[in-house]
Every structure is written in structure tokens, then in C-alpha cells.
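Residue-level structure breakdown
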Amino acid sequence: MAALDPIQEKVVYSVTHTYIKVKNGSNKEEYIYGTLLMLEKPDGCHIEWREDPTHVDAVNDSWDFINADAVSFTYSNSAAELTDLTPTAARTEGSCRMINQQKFHNPINFHVDNLRSFKRMKGKLVKNSCIMFILDCGTSHPPIYFPKGGVTDKFLHHLGKKVIITQSATDGNRFLVSPHQQEALESSFDALNLFADQGSALSRFAADPVRGTFTAFAKVSKLLTNTLVASEDKNSVPPEICDQLRISVEENETDFSAIHSTQPEDPDFLFIDEKAQLPEVEKKPRGEPLKRAVWEKFFDAEGRVTNPEELKQIIYRGGVSHDLRSEVWKFLLSFYSWDSTTREREEFRKTKVDEYFAMKLQWKSMTESQKSRFSDFRDRESLIEKDVSRTDRMTPFFSGDNNERLHQLNDILMTFVMYDFNLGYVQGMSDLLSPLLLVMENEVDTFWCFVGFMNLLHSNFEMDQEGMKLQLNQLNQIVQVADGQLYSYLDDHESSNMYFAFRWLLIVFKREFFMDDIMSLWEVFWTGLPCKNYQLVIATALLCQCKGDIIENQFGFNEILKYINDRSGDIVLSELLIQSEALAEQLITCTNLPSYVRKIISPGSQSSATQPSPGRKPARPTSSPRKRTAES
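Residues numbered from 1 in each chain as written. Predicted model: local features only at pLDDT ≥ 70, side-chain atom pairs only at ≥ 80, totals over all residues. Heavy atoms only, no water.

**Here's the deal with the overall build of the protein chain**
Under the convention used in this document: Elements are defined by DSSP. Helices are runs of H or I of four residues or more, strands are runs of E of two residues or more, and each kind is numbered from the N terminus. Working definition: with a 1.4 Å probe on protein chains only, accessible area under 20% of the residue-type maximum means buried, over 50% means exposed, and in between means partly exposed. Here, two residues are considered to be in contact whenever any of their heavy atoms come within 4.5 Å of each other. All accessible-area figures derive from a Shrake-Rupley calculation using a 1.4 Å probe, and residue coverage is judged against the displayed protein chains alone.
Helix and strand content of the protein chain: 24 helices and 11 strands. Across the 632 residues of the protein chain, 54% fall into the buried class. Within the protein chain, contacts between residues at least 6 apart in sequence are counted, and of these 72% link residues at least 24 apart. Element-wise, carbon and sulfur atoms account for 51% of the exposed surface of the protein chain, whose accessible area totals about 27,900 Å².

See the structure below:
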């Protein structure tokens, strides 16, 4: 542990042998030990957690590596670079962030005036108490565990001398914090100059309340965009959010309202006379994953799946055992048809092998002279090479130099460019591909499963972003019905645009979970159950989990973005799926659900993509030709 400077800081209170839980690349839980300090510095009281390098632990090697090459999200003024979702390595001393599937903590070092709240909890697997600090900027630090009972009481006693601590009225484990200084509790609304154009704003609102409101939101969005882009803290906002904000305000001033223009013209659209009453439902525990003995019972003598709907129910309720995934996923992702025989599948696969290598040969045989006259191809080739080199590198399957799996990722993505050149390659696709290759361990099977996955998500990556705009709009509508209080808060804090959920939906929560968990979530999503657009229900349930922290900490737009981003790697998947299933049942069975919401989640097939019978190639999504730069 670094030595304290007696001139610059004085220890008010310290707790040794505390620890933070982390997960390594194999998704195994390990501990990092350190000391929690309350320090008096020239500018006031600080709380800091410092790692103890003398404590020998299996995770230390990984920790040192992350410290040496921390990850940060960078923002560029170049419009072409705004959609870069991939973290870039940066030498940031003491900064620890998430590298692919490895989650480490941000440096815990803050002034107590920046502390907005904290949670005091009991560990699920150990009896030790823990504290999780949440700052006014939205940063959510990982829980710090105390090995000795009662230590948290002493620490909080000293903290209570520096700030005002109030227990939450809705959650006994949450404590709200405010500084003693009265002036810190006051803010100057005059400086905001909200009503400089009061007359014209009021007249516009009176003439057209809906458009007037959305135009005002667009201006707020533009102001926030300019502020965020100019911020020196480049980690505070993910670049994909900046990109979405930029698009929403630069095309035209009222583009924000255009996002909502896809609403159906229903009488209950914007103004609901009768609030939807969601029925009470019992939350059901997760079921057992599909095992081989059960899987094999679903096949008849010729190898057809006899009851695919019942099989999907089992997968939806409990997932799939890992040893079965390479077989089951081919059906879920429409590589194989459920009613195909074993022999038909064997013959079908032979044709798909030939088709894959024919497309691969097209780009492999391209000469440098040809590439020099094919700028779109060069751009995509360069972008794929760059993205593959940093995709899931902390996962053992993809780690190490000259890893053959990285070459396979590259070849699959390049071949997909030849398969669907209109769409080509867009950053984020490598995130979707890597778990498929990890399961299949076969280039051809992985490619065709990836095609099936992209059939489901094609609109997410289209140039006009209409698919993403529609999903954000639909998420807005579902949250209104699922939790009116939460929606009202988001609406009041310029966050009802749901931009914080952009990454969730774009790559189906890939960056929010470790590898094992994202496999489990995706196979639930692929069943198409229990309703259409289930990813929006999951997003709503996840947002409801964050409700207490968001509202009680009075987070604004920027803080919500930061808080949501910090949740990555800390979400308990089983709890989220249980809550999502219950919410879906509430929405489906609600008798007075607004018709526009019912259209979003109506039970049925998850995807409009066709499930090809053996011998028939999957239908390719149609899209108009368009130019795409390497970084778009």
C-alpha cells in the first residue's frame, strides 16, 4: 500500500483487510484486498480504498495487468468515429475498468461532498457486511467487504461527523448523504436561464403541445451533447450515446420528435385517460437447463424435433446445458429447421459448407490491385482487423498472441461482408460473433449461426438507425406502463429518450454480462418467448432494478448514463430473468393495456426472419445500397 504523506493527508479512520470481489476471464470469483481510509486533506475529507500489494492472492497478476493497460472510452469530434463501441487501451495510471468480459473497479477515491448515497448490505455467500458508494456523477463503485463484524458501524460513525446521513424510506439498506454546508444544498436556477425565450416557448406549446415539448427536448439534448463532448472526462459518456445524441440534434432541430413519429395514431397514444393496471403475478424461480437426456427425447426415429414449442419453453425457463449448445443453437438460430430429418440436415450442411467457402474465396482471392479500386472493401477489412484484435481478449478462448480463434473471427466477418455487402460490417458485430465461435468451435457452423443472429438484429446496424430509434421509442412506451413513477422521473430529468439503453439494445446486453451469462440470456431471447420484443421487457426490468438508486440519488441525464455504464458486470442474471418473466406476464395478461403497447409485446414469433428448410438458403434481409465508412 502506498505510503501516506503526513503533510498532505491525515488518517481520520482506517479499516484494514477489506476486499473487493472481481471475476476473472473464466467467470470465477476472486478477491482483491486493501485498506479503506477516511483522510483529511487540504481540500477536505476524502474516502479512499487502496489495494494491499503484500496480500498474496491469485487475482493479483490480472489486476496488475489491468492497471498497466486500463481501458477508457474515447470521444472524437470526427463523426466517422462516433459509433466506435470498442474500448481502447490507454495508459491511465490507477484507472481500472472493464476489458471485454473482465470487470474491475474504478479507483475509489473521492471527496465526501461528492458522495450521494451508499448501500450497506450483507453478502449473499459470506456473512460479512459490505458498503457500496454511489457518487453524484453517477459512478457506482463495487461493494467493499468488511471481514470483521461491526466495523461498518464504526466507519459510518466517523462518516456521520462529516456529512448528513439519512436512511431511505423505501430501502432500509440505502442511505442518502448530503453535506453539512447549507450552500452546498442550494443551486442557482438563474444561471440556467431556462426562460430566456419564455414568450415564444409558451406560444409554441399552446399551439402544438406535443411538438413544442419535443422541440424543447431537442434543445436540451443539443445542449447536453455540446456539454458532454466538451467535457474533459472522456469516460463519462459512452461514444455510442454521443453518436445517437449527435444524430438526433444535427439533422434538424426537431429530430428528437421524429423518433416518436412512429407512434400509432391511437386515441390512447399520448394521453391515457385510464392508467393501465398491471395484475399481480407470482415470480417463478428459474428452471433447470435443458439436459441431453431430455433433448434426445424430442427426436423421432428420423431425427425430427417432435414438439419444438415445448422444447423452447424448457429453454426459455432454464436455458441450455453448455455441452448441448453447439447442437441446440443451430435450431434456435435457424441454421436447421425444426422439422428436418437427420439425413436432410447432413445434406443441407454440405451445401452450406460449399457456399461458405465459395464466398470466402471471393475476398481471399482479391488482389491488392483490385482492393486499391474498392474503397468500401478496404475500409471494412481494416475495421474488422482492428475490432477483432480487441474482442473478448480476457476470455481464455481468445487470449494470447497469434490465437487461431482471432483469425477465424476475422475470416467469418470478412465472409459476412461478401454475404451481405449492403450491410457489410459495423462495429459491435464482433461482440455478437465471439460467443458463437466459442460454442461452435467451427468456422462454417459459426458463420451460419451468425447469419441467423444477424437476421434478428439486422435493423440495429442499418445506416439510418431506424431500428434503434424504434426500439428506444418502444422502450419509452413500455416503461410508461410498467412503472409510471420511474417514467415521470426520467421525463422530468430529460432522460425519457432512453439513450442510456442504446448499448443494451444494440448488441443485446453483450457488454453488461460475463460470457457464461450472456450465453444464457441470448438463448432465452432466441426462443421468441414469451412475447415479441422481449429484449425491451428485459431492458425495462433492468431499469426498474436501477430505479431506487436513480431516483433517490436524484440523478440527471449525465449521471444516469454513468450509473448505467457502471452496472456492467454487476447484474445478477437469474434475478433479472425472473423479474423480466414476471413483467412480461403482467403486460400480456393486463386487461386494459394500451393498444400500442400490446402491439409491441404481442405473443408470437420473435423474428420475421424465415427458418430455412434444409436445402433452402436463409432469406437475406433486404436493404437499399448505401455508402458506409470504416468507422460508421
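Still more ground to cover, so stick around.
**Examining helix H19 (residues 515-526)**
Our working rule: Take the residue count of a helix, subtract one, and multiply by 1.5 Å to get its expected span.
If you check H19, its first and last C-alpha atoms are 16 Å apart, about what 12 residues at 1.5 Å a residue would give, namely 16 Å. With 10 of 12 residues buried, H19 lies mostly within the body of the structure. All buried positions along H19 are accounted for by Met515, Asp517, Ile518, Met519, Leu521, Trp522, Glu523, Val524, Phe525 and Trp526. Along its buried surface, H19 packs onto helix H8 (308-318), helix H9 (325-332), helix H14 (429-440), helix H15 (443-457), helix H20 (534-545) and helix H23 (573-589). Phi turns positive, to about 75 degrees, at Gly528, one or two residues after H19.

**Points about the packing of aromatic side chains**
Stated precisely, the cut-off is as follows: Stacked, edge-to-face and tilted labels apply to pairs of Phe, Tyr and Trp rings (six-membered ring for Trp) whose centres lie within 6.5 Å, assigned for plane angles under 30 degrees, over 60, and everything in between, in that order. In this analysis the charged atom, NZ for Lys or CZ for Arg, is taken to sit over a ring once it is within 6 Å of the ring centre and within 35 degrees of the ring normal.
Applying the stated criterion across every chain yields a total of 34 aromatic pairs. Taken together, Trp295, Phe299, Phe331, Phe335, Tyr336, Trp338 and Phe348 form an aromatic cluster joined through their ring pairs. Above the face of the Tyr336 ring, Arg345 is positioned so that its terminal group lies 6.0 Å from the ring centre. Between Lys352 and the ring centre of Trp448, over which it is positioned, the NZ or CZ distance is 3.9 Å.

**Description of the pattern of salt bridges**
Where side chains of opposite charge bring their charged atoms close, a pairing between them can arise. Where we set the bar: When a carboxyl oxygen of Asp or Glu is within 4 Å of a side-chain nitrogen of Lys or Arg, the pair counts as a salt bridge.
Evaluation of the coordinates by the stated rule reveals 33 salt bridges. Between Glu40 and Lys162 there is a salt bridge, with the nearest N and O atoms lying 3.1 Å from each other. With a gap of 122 residues between them, Glu40 in strand E2 (residues 29-41) and Lys162 in the loop between helix H2 (151-159) and strand E10 (163-167) connect regions that are remote in the sequence. With its nearest N and O atoms 3.8 Å apart, the salt bridge here joins Lys469 to Glu466.

**A closer look at the nonpolar core**
Rule in force here: Working definition of a nonpolar core: buried Ala, Val, Leu, Ile, Met, Phe, Trp, Tyr and Cys residues. They are joined through side-chain atoms within 4.5 Å.
One finds Met429, Phe453, Phe461 and Phe509 to be the most contacted residues of the largest nonpolar core, which totals 125 residues. For Phe509, the contacting residues outside a window of four places in its chain are Arg503, Trp504, Ile518, Leu521, Gln535, Ile538, Ala539 and Leu542. In this structure, Val22, Cys45, Phe146 and Phe175 belong to the second largest nonpolar core, which totals 26 residues.

**As for the packing of H14 against H15**
So the rule is basically this: Axis lines are fitted to C-alpha atoms, over the contacting stretch for helices. Their N-to-C directions set the angle, which ranges from 0 to 180 degrees. Throughout this description, any angle smaller than 35 degrees is read as roughly parallel, any larger than 145 degrees as roughly antiparallel, any in the 65 to 115 degree range as roughly perpendicular, and the remainder as oblique. We call a crossing left-handed when the near helix sits turned anticlockwise from the far one by less than a right angle, and right-handed when that turn is clockwise. Classification convention: Asp, Glu, Lys, Arg as charged; Ala, Val, Leu, Ile, Met, Phe, Trp, Tyr, Cys, Pro as nonpolar; all other residues, Gly among them, as polar.
Across the interface, H14 lies against H15 with an axial gap of 9 Å and an inter-helix angle of 140 degrees. Regarding the angle of H14 to H15, the classification is oblique. Once H14 is placed against H15, the crossing between them reads as right-handed. The segment H14 lies against H15, with Met429, Leu432, Leu433, Leu436, Leu437 and Met440 engaging Asp445, Thr446, Cys449, Phe450, Phe453, Met454 and Leu457. Considered class by class, the residues forming the contact of H14 with H15 number 11 nonpolar, one polar and one charged.

**Overview of the pairing of strand E3 (residues 44-51)**
Consecutive side chains along a regular strand alternate between the two faces of the sheet. Stated formally: Only when DSSP finds a minimum of two bridges between them are two strands counted as paired.
With eight of its eight residues buried, E3 lies for the most part within the structure. Two elements, E3 and strand E6 (residues 109-111), share three bridges in a ladder whose sense is antiparallel. In the strand pairing of E6, Ile47 is matched with Phe110.

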